[in-house]
Amino acid sequence: MRTQIEIRQEITARIIEALSNGKLPPWRRPWQMDNNCGAHTNAVSQKRYTGVNPLLLQIAAARHNFSSKWWATFRQWKELGGSVMKRPANVPEGQWGTSIVYCAPVTKKEADEDGDESESTFFMLKWYTVFNVDQVEGKCLDHLRFGNAPLNDHQIEERFLHAEKIVAATGADIRHGGSRAFCALEDNFIQMPHRHLFDKPEFYYETLAHELVHWTEPPCRLNWDRANEGYAMGELIAEIGGCYLTTEFGLPTSDDLTQHCSYLKTWLKGMEDPSFIFKASAQANRAVDFILAFSRKHEPEQEPALA
């Protein structure tokens, strides 16, 4: 059984390999406009994967050319009427399924000098294996495959309106003009170039999403520990969080590597510490949840999906 340190080291090694191969980093996903593309999601619970798992799933998707966002365990696909395909001969043993992690709560009882017991809870990483619907046979699952749910013009327009609502709900001071995008933390505003200066409208929202993640940084919001983590870590958090938020908008990310390449060496060096990517992805998730909370707090709560 692998230790917690070994699990973190293996995950970090996967991400380092993905960053070093000259392709898109695993948090970028320039998917097409199709309802079956987007944030990696469990096909049964309908819940999106969080933490470091979207990165691990995207690495597998890129390696095997998966198009769909839908994943599930072997048993879950069987319960849905599907059958996971046999591992192809060209895929090494152990690399057909994708190992991801979940944090399992563990409760520990401790007794003090007087014999009084108290409980403390901590979390342990545990592996489990999932498969993409592209690896699963069964006509009953065709509705989950790429190409079977293309977006029409009205649906695409709705996604841009959805993005606008999320941004507007934050109340962030967003100013337009000039040729640079940045978040002025001390003055508490975001500066953006005008929309028509972007090649595609979705690239405007991708850039804005990056700056909105930075906007969560001050003490009045999430109070990032920038002093200890450094500038490159802050950019990695904004890079990952911005891509996550763009996906929440329902829009693809670009394949522009300009910002990514300028920080690549620093990020790879930081990953000598196995906790580095976990810190970045956790903070990115917190930032996205913080931003989305403004638009979600007025929505009626839905009943949880069955797992």
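Residues numbered from 1 in each chain as written. Predicted model: local features only at pLDDT ≥ 70, side-chain atom pairs only at ≥ 80, totals over all residues. Heavy atoms only, no water.

Enquirer: Can you help me understand the overall build of the protein in this one?
Expert: Each helix and strand counted, the protein has nine helices and nine strands in total. For the protein, restricting intrachain contacts to residue pairs at least 6 apart in sequence, the fraction spanning at least 24 positions comes to 70%. Approximately 16900 Å² of the protein is accessible, and the part contributed by carbon and sulfur atoms is 50%. (Helix = DSSP H or I, 4+ residues; strand = E, 2+ residues; numbered from the N terminus. Contact = heavy atoms within 4.5 Å. Areas by Shrake-Rupley, 256 points an atom, 1.4 Å probe, with all protein chains shown as cover.)

Enquirer: Could you clarify how one ought to interpret unusual backbone geometry in this entry?
Expert: Backbone phi values are negative for most residues with the exception of glycine, while trans is the configuration of most peptide bonds. Phi is positive for Q46, which is not a glycine, with a value near 65 degrees. Turning to its location among the elements, Q46 is positioned in the loop between strand 1 (41-42) and helix 2 (53-64). With a phi angle near 60 degrees, N65 is a residue other than glycine that sits in the positive phi range. Relative to the assigned elements, N65 resides in the loop between helix 2 and strand 2 (70-72). On the basis of relative accessible area, N65 is assigned to the exposed category, the value being 64%. (Buried < 20%, exposed > 50% of the residue type's maximum accessible area, 1.4 Å probe, protein only.)

Enquirer: Help me out: how do you make sense of the nonpolar core in this one?
Expert: Nonpolar side chains in soluble globular proteins generally cluster together in the buried interior. Among the nonpolar cores identified, the biggest contains 62 residues, and I15, L212 and F249 are the most heavily contacted of them. Grouped together as the second largest cluster of nonpolar side chains are 12 residues, A72, V91, F131 and V136 included. (Core = buried A, V, L, I, M, F, W, Y, C linked by side-chain atoms within 4.5 Å.)

Enquirer: I would appreciate a short explanation of the side chain of S45 in the present structure.
Expert: Looking at where S45 falls in the secondary structure, it is placed in the loop between strand 1 and helix 2. Under the relative-accessibility criterion, S45 is labelled buried at 11%. In terms of polar contacts, S45 uses its side chain to reach the backbone amide nitrogen of K47, at 3.2 Å. (Polar contact = N/O pair within 3.5 Å; in protein donor to acceptor, adjacent residues only side chain to side chain.)

Enquirer: It is not clear to me how the confidence of the model for the protein should be interpreted in this structure. Could you clarify?
Expert: Detailed reading of predicted coordinates is not advised where the pLDDT is low. In this model, the protein carries an average pLDDT of 84, and 89% of its residues clear a pLDDT of 70 or more. Per-residue pLDDT stays below 50 along residues 299-307; that stretch engages in five contacts with residues further than four places along the chain or on separate chains. (pLDDT = per-residue confidence, 0-100.)

Enquirer: Hey, could you run me through helix 2 in this one?
Expert: Since the α-helix advances by 3.6 residues per turn, residues separated by three or four positions end up pointing in the same direction. Its 12 residues place the ends of helix 2 17 Å apart at the C-alpha level, agreeing with the 16 Å of an ideal helix rising 1.5 Å per residue. Helix 2 sits mainly inside the fold: 10 of its 12 residues count as buried. Within the sequence span of helix 2, burial applies to N53, P54, L55, L56, L57, Q58, I59, A60, A61 and H64. Downstream of helix 2 by a residue or two, N65 has a phi angle that is positive, lying close to 60 degrees. (Expected span 1.5 Å × (residues − 1).)

Enquirer: What am I meant to see in the side chain of N132 here?
Expert: When you line up the elements, N132 lands in strand 5 (residues 117-132). There is a polar contact of 3.0 Å between the side chain of N132 and the backbone oxygen of S68. For N132, the side chain forms a polar contact with the main-chain nitrogen of D134, separated by 2.9 Å. Residues contacting N132, with those up to four places away along its chain left out, are F66, S68, W70, W71 and W77.

Enquirer: Before we go on, may I ask you to explain the pattern of salt bridges in this structure?
Expert: A side chain of one charge can pair with a side chain of the opposite charge if their charged atoms are brought near each other. Evaluation of the coordinates by the stated rule reveals five salt bridges. Put simply, R195 and E164 hold a salt bridge, and the shortest N to O gap is 2.7 Å. One end of the pair, R195, is in the loop between strand 9 (189-192) and helix 5 (201-215); the other, E164, is in helix 4 (residues 153-170), and 31 residues separate them in sequence. (Salt bridge = Lys/Arg side-chain N within 4 Å of Asp/Glu carboxyl O.)

Enquirer: Explain the sheet that holds strand 7 (residues 174-176) to me, please; I cannot follow it from the model alone.
Expert: The strands making up a sheet associate through hydrogen bonds between their backbones, and the pairing can be parallel or antiparallel. Within the open sheet, the three strands sit side by side as 7-9-8. Their pairing is mixed. A single partner strand is all that each edge strand has here, and the edge strands are strand 7 and strand 8 (182-184). The average undirected angle you get between the axes of adjacent strands in this sheet is 30 degrees. The pairing of strand 8 with strand 9 spans three bridges and is antiparallel. The partner of C183 across the bridge, within strand 9, is I190. (Pairing = 2+ DSSP bridges. Axes fitted to C-alpha atoms, helices over the stretch in contact; angles between N-to-C directions.)

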